Amino acid sequence: MHSGPKHTGRTGRPPRLSQETIIFAAQDLLAAEGTRGLSMRRLARELDSTPMALYHHVRDKDDLLLLLLEEHARTIPRPALPEDPRDRMITAGQLLHDVLAGCPWIVEVLASDDLMAKSALWIVEAIVDSAVECGLSPEGAVDAYRAIWYYTAGELLIRVSRERRTAEASRPSHRDQTFATLSPDAYPRLSSLAGQWPELTRRDTHRQSLEALVDGLLARV
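Going along each chain's sequence as written, the residues are numbered from 1 onward. With the structure being a predicted model, the display of local features is reserved for residues of pLDDT at least 70 and the display and counting of side-chain atom pairs for 80 or more, all residues being used for whole-chain, interface and lining totals. By convention in this description, side-chain values take in all heavy atoms of the structure and omit both hydrogens and water.

Student: Any chance you could explain the UniProt feature "domain: HTH tetR-type" (unreviewed entry) in the chain here in plain terms?
Tutor: The UniProt entry lists residues 16-76 under the feature "domain: HTH tetR-type" (unreviewed entry), expressed in the numbering used here. Secondary structure elements are defined from DSSP: runs of H or I of at least 4 residues count as helices, runs of E of at least 2 residues count as strands, and each element is numbered from the N terminus. The distance separating the terminal C-alpha atoms of residues 16-76 is 30 Å; by composition the span is 64% helix and 0% strand. UniProt positions are given in the numbering used here, feature names are shortened, and annotations may be inferred rather than shown by experiment.

Here it is in structure tokens:
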């Protein structure tokens, strides 16, 4: 992640703005606080500038987010994918997960189902095309991609939210306290797992769940 200009509190002439310096500063904000920390007003403060000055370089926040998405998409490695279409679907789905896991704010942006980086659509193309090669109809292939995307985005959003809340918490989570009080008579299975629940739900099981999801989708062929 690039390190952009920081607010120093100095008076005098503000630093010269450019689209590049704006993008770098926005990346730093997003990495630290996610999309909730990014606004044009906040970004202007970080750059010792004004929101109006930023609008000479980006049209609005959505335009800035699109620039950020494209900037990140250009850094995604494009490995050779397997010949077997099922394996290609799984590899592309895992790549989607790994790329987004390194930049959680992108999941928050993409979850709007509006903004996207055209430069990253080759991953979507690989999943949809592989699904068609496996025997799904084009419409069914899009459904398969949506299932993979929704699962991946949901898993990452929950992980990021949990980690952020845990870092800010000063006491055991409400969930852990609730599980500790479960009655074995009413909840025999959950109460027996209560002590393991935090560890079990933090495990990275994306790959095996992705394989099970793809196999279930292809079983409809």
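Student: Teacher, can you tell me more about the pattern of salt bridges here?
Tutor: Side chains that carry opposite charge are capable of pairing whenever their charged atoms lie near each other. Every case where a carboxyl oxygen of Asp or Glu lies within 4 Å of a side-chain nitrogen of Lys or Arg is listed as a salt bridge. Counting across every chain of the model gives 14 salt bridges. As a salt-bridge pair, Arg36 and Glu168 come within 3.1 Å of each other at their nearest N and O atoms. With Arg36 in the loop between helix H1 (19-33) and helix H2 (40-46) and Glu168 in helix H8 (residues 138-168), this residue pair connects regions lying 132 residues apart in the sequence. A salt bridge links Arg86 to Asp87, with the shortest nitrogen-to-oxygen separation between them at 2.9 Å. A 1.4 Å probe rolled over the protein chains alone gives each residue an accessible area, and that area as a share of the maximum for its type sets the label: buried under 20%, exposed over 50%, partly exposed in between. Taking relative accessible area as the criterion, Arg86 reaches 27% and is therefore assigned partly exposed. Linked through salt bridges whose partners overlap, the residues forming this network are Glu33, Arg42 and Glu46.

Student: Looking at this structure, how should I read the confidence of the model for the chain?
Tutor: Any residue range with low pLDDT should be treated as having predicted coordinates unsuitable for detailed reading. What pLDDT expresses is the predictor's confidence in each residue, scored from 0 to 100. Within the chain, residue pLDDT values average 90, and 93% of them lie at 70 or more. For the chain, per-element mean pLDDT is lowest for helix H6 (residues 104-110), which scores 89, and highest for helix H7 (residues 121-133), which scores 98.

Student: I'm lost on the environment of Gln196 in this one. Help?
Tutor: As for its position among the elements, Gln196 is in the loop between helix H10 (188-193) and helix H11 (197-202). Each C-alpha atom, one on Gln196 and one on Phe24, is 41 Å from the other, the two residues being 172 residues apart in sequence.

Student: For this particular structure, what's the right way to read unusual backbone geometry?
Tutor: Keep in mind that most residues, glycine aside, have a negative phi and that most peptide bonds are trans. For Asp48, which is not a glycine, the phi torsion comes out positive at approximately 55 degrees. Here Asp48 is to be found in the loop between H2 and helix H3 (51-54).

Student: Before we go on, may I ask you to explain the packing of H1 against helix H4 (residues 61-73) in this structure?
Tutor: A pair of packed helices is characterised by two quantities: the angle between their axes and the separation of those axes. Two elements in contact, H1 and H4, have axes separated by 10 Å at closest approach and are oriented at 85 degrees. The orientation of H1 with respect to H4, classified from their angle, is roughly perpendicular. Side by side, H1 and H4 meet where Gln19, Ile22, Ile23, Ala26, Gln27 and Leu30 of the first sit next to Leu64, Leu67, Leu68 and Glu71 of the second. Amino acids are sorted into nonpolar (Ala, Val, Leu, Ile, Met, Phe, Trp, Tyr, Cys and Pro), charged (Asp, Glu, Lys and Arg) and polar (every other residue, Gly among them). Tallied by class, the residues present in the contact of H1 with H4 amount to 7 nonpolar, 2 polar and 1 charged. Fitted lines through C-alpha atoms give the axes, limited to the stretch in contact for helices. The angle between two N-to-C directions lies from 0 to 180 degrees. Each angle receives one of four descriptions, namely roughly parallel if under 35 degrees, roughly antiparallel if over 145, roughly perpendicular if within 65 to 115, and oblique otherwise. It only takes one pair of heavy atoms within 4.5 Å for two residues to be counted as in contact.

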